[in-house]
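# Overview (structure and organization)
Below are the chains, spelled out letter by letter.
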Amino acid sequence: MSLRLEMLQVARLAPKNLGDSTQLVRDFIFRQQNADGGFKDRSGESDLYYTVFALDALIALQAELPAASAVGFVQRFGSGEGLDFVHLCCLARAWAALRTGPTEDRAALVRRIEIFRTPDGGYNVIAQSKSGTAYAAFLALGACQDLGFALPEPLKVVQSLKFLETDDGAWANDRSMKRGSTNATAATITVLRHLQQPINSSVAEWLLARAHPEGGFRASANAPLPDLLSTATALHALAGLQASFQPIQEACLDFIDTLWTNEGSFHGHWGDDFLDSEYTFYGLLALGNLSV
């Protein structure tokens, strides 16, 4: 099962916690679509990045996709000419969500993603970088899976991730960071698990130590407050490790409830005034993991 399908499988469980509010979430996502078929970024413009989160949120909530208009928007990007790394991976994910994209375009997209390969065997969102990042490895693996291709030279990716290991028993996103971060660690755990690599079980304790006393997870040991992205990724990684988070389950649910708005979405953290499709999906992913 691909990274994307695994997350969707879990996010589909979110209505167990949402209850009657599930329809509010569907309505919110539909309101994010612009006339050109794309979905709004935080400035209101259509963006491929936010579009894939919106499409996957609708799929998770078993809503009928606005397929015709969304396909029209996605087709504007061809096989990814001129797109940066993140948006190349988003294009692959959009094709997977909409079940579109000719075979020849899929192969071309994989080749474009490979341009962002680094000398240490990993991937970086910036072309011609010297070393890979955990985030880029996660995106590259997911994109290849979405396109129906095996990740090229996966053991080299594993080797690149070794350089991101930190002394505190986790992973950083890039080599310049000396302490582990929640999202980089969660991404690395997921990549290694999908590549069938062994993972030290003690990393689950590291992730659990990032839990905030009032619920949710912090992005790092030094982060003062929890956020929704870190909460969703940490819970998903812990579930993948089959590590129990039952003692903090209710606190996490309470934290997510503080981010909820009756507009049908979730704020990213306590100081966030915006609502968007990305964090709506993270809310579904977190609630889904808390429903298992």
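Residues numbered from 1 in each chain as written. Predicted model: local features only at pLDDT ≥ 70, side-chain atom pairs only at ≥ 80, totals over all residues. Heavy atoms only, no water.

For the rest of this paragraph, the subject is the overall build of the chain. In terms of helices and strands, the chain carries 14 helices and 4 strands. Relative to its length of 292 residues, the chain is compact, with a C-alpha radius of gyration of 18 Å against a globular reference of 19 Å. Dimensions of the chain, computed from the C-alpha atoms along their principal axes, are close to 50 × 45 × 30 Å. Of the contacts made within the chain by residues no fewer than 6 positions apart, 63% connect residues no fewer than 24 positions apart. Carbon and sulfur atoms provide 51% of the accessible area of the chain, an area that totals close to 12700 Å². Of note, the chain has its 23 positive side-chain charges centred 6 Å away from the centre of its 32 negative side-chain charges. (Helix = DSSP H or I, 4+ residues; strand = E, 2+ residues; numbered from the N terminus. Rg over C-alpha atoms; globule rule 2.2 N^0.38 Å. Contact = heavy atoms within 4.5 Å. Areas by Shrake-Rupley, 256 points an atom, 1.4 Å probe, with all protein chains shown as cover. Lys, Arg positive; Asp, Glu negative; His and termini not counted. Charge placed at Lys NZ, Arg CZ, Asp CG, Glu CD.)

This paragraph deals with helix α10 (residues 182-194). For α10, spanning 13 residues, the distance from its first C-alpha to its last is 18 Å, which sits close to the expected 18 Å at 1.5 Å a residue. Taken across its 13 residues, α10 has 11 buried, putting it largely inside the fold. Three or more residues of α10 are buried, namely Thr 182, Ala 184, Thr 185, Ala 186, Ala 187, Thr 188, Ile 189, Thr 190, Val 191, Leu 192 and His 194. (Expected span 1.5 Å × (residues − 1). Buried < 20%, exposed > 50% of the residue type's maximum accessible area, 1.4 Å probe, protein only.)

Our focus in this paragraph is the packing of helix α3 (residues 22-31) against helix α4 (residues 48-60). Running from amino to carboxyl end, α3 crosses α4 at an angle of 150°, the nearest separation of the two axes being 10 Å. Relative to α4, the element α3 lies roughly antiparallel. Of the two elements, α3 crosses α4, and the hand of that crossing is left-handed. Within the contact between the two elements, α3 uses Arg 26, Ile 29 and Phe 30 and α4 uses Ala 54, Ala 57 and Leu 58. Here the contact of α3 with α4 is built from residues that sort into 5 nonpolar, no polar and 1 charged. (Axes fitted to C-alpha atoms, helices over the stretch in contact; angles between N-to-C directions. Parallel < 35°, antiparallel > 145°, perpendicular 65-115°, else oblique. Left-handed = near helix turned anticlockwise from the far one by under 90°. Nonpolar A, V, L, I, M, F, W, Y, C, P; charged D, E, K, R; others polar.)

We now examine the nonpolar core. Among the nonpolar cores identified, the biggest contains 98 residues, and Leu 48, Phe 85 and Ile 113 are the most heavily contacted of them. Contact partners of Leu 48, with chain neighbours within four places excluded, come to Phe 73, Val 74, Phe 77, Leu 83, His 87, Cys 90, Leu 91 and Ala 94. (Core = buried A, V, L, I, M, F, W, Y, C linked by side-chain atoms within 4.5 Å.)

Structurally, Thr 190 is set in helix α10. Judged by its relative accessible area of 5%, Thr 190 falls in the buried class. When neighbours within four sequence positions are excluded, Thr 190 is seen to be in contact with Leu 3, Glu 6 and Phe 138.

Right, let's talk about the environment of Ala 237 for a bit. With respect to the helices, strands and loops of the structure, Ala 237 is situated in helix α12 (residues 228-240). Residue Ala 237 is classed as buried on the basis of its relative accessible area of 0%. A C-alpha to C-alpha distance of 7.6 Å links Ala 237 and Ala 187, two positions 50 residues apart in sequence. Residue contacts for Ala 237: discarding those within four places in its chain leaves Ala 186, Ile 189 and Leu 207.

Moving on to a nonpolar patch on the surface. A surface patch of nonpolar side chains, amounting to about 250 Å² of accessible area, comprises Val 125, Ile 126 and Tyr 135. Among the structural elements, Val 125 can be located in the loop between α7 (103-114) and α8 (134-147). What makes Val 125 partly exposed here is its relative accessible area of 31%. (Patch = residues over 30% accessible without salt bridge, like charges linked within 9 Å, V, L, I, M, F, W, Y side chains within 5 Å. Salt bridge = Lys/Arg side-chain N within 4 Å of Asp/Glu carboxyl O.)

Moving on: the environment of Glu 153. In this fold, Glu 153 is placed in the loop between α8 and α9 (154-162). Overall, Glu 153 belongs to the partly exposed group, its relative accessible area being 47%. As a C-alpha pair, Glu 153 and Asp 227 span 74 residues in sequence and 34 Å in three-dimensional space.

This next bit is on the pattern of salt bridges. Throughout the structure, instances matching the rule amount to 11 salt bridges. Asp 272 is the salt-bridge partner of Arg 42, the closest N and O atoms lying 3.0 Å from each other. Placement of Arg 42 in the loop between α3 and α4 and of Asp 272 in the loop between β4 (265-266) and α14 (277-289) is noted, with a sequence separation of 230 residues between them. Using a relative accessible area of 31% as the deciding quantity, one classes Arg 42 as partly exposed. Between Asp 168 and Arg 179 there is a salt bridge, and its shortest N-O distance comes to 3.9 Å. Here Asp 168 is found in the loop between α9 and α10, whereas its partner Arg 179 is found in the loop between α9 and α10, with 11 residues between them in sequence. The structure contains a network of salt bridges with shared partners spanning Arg 4, Asp 56 and Arg 93.

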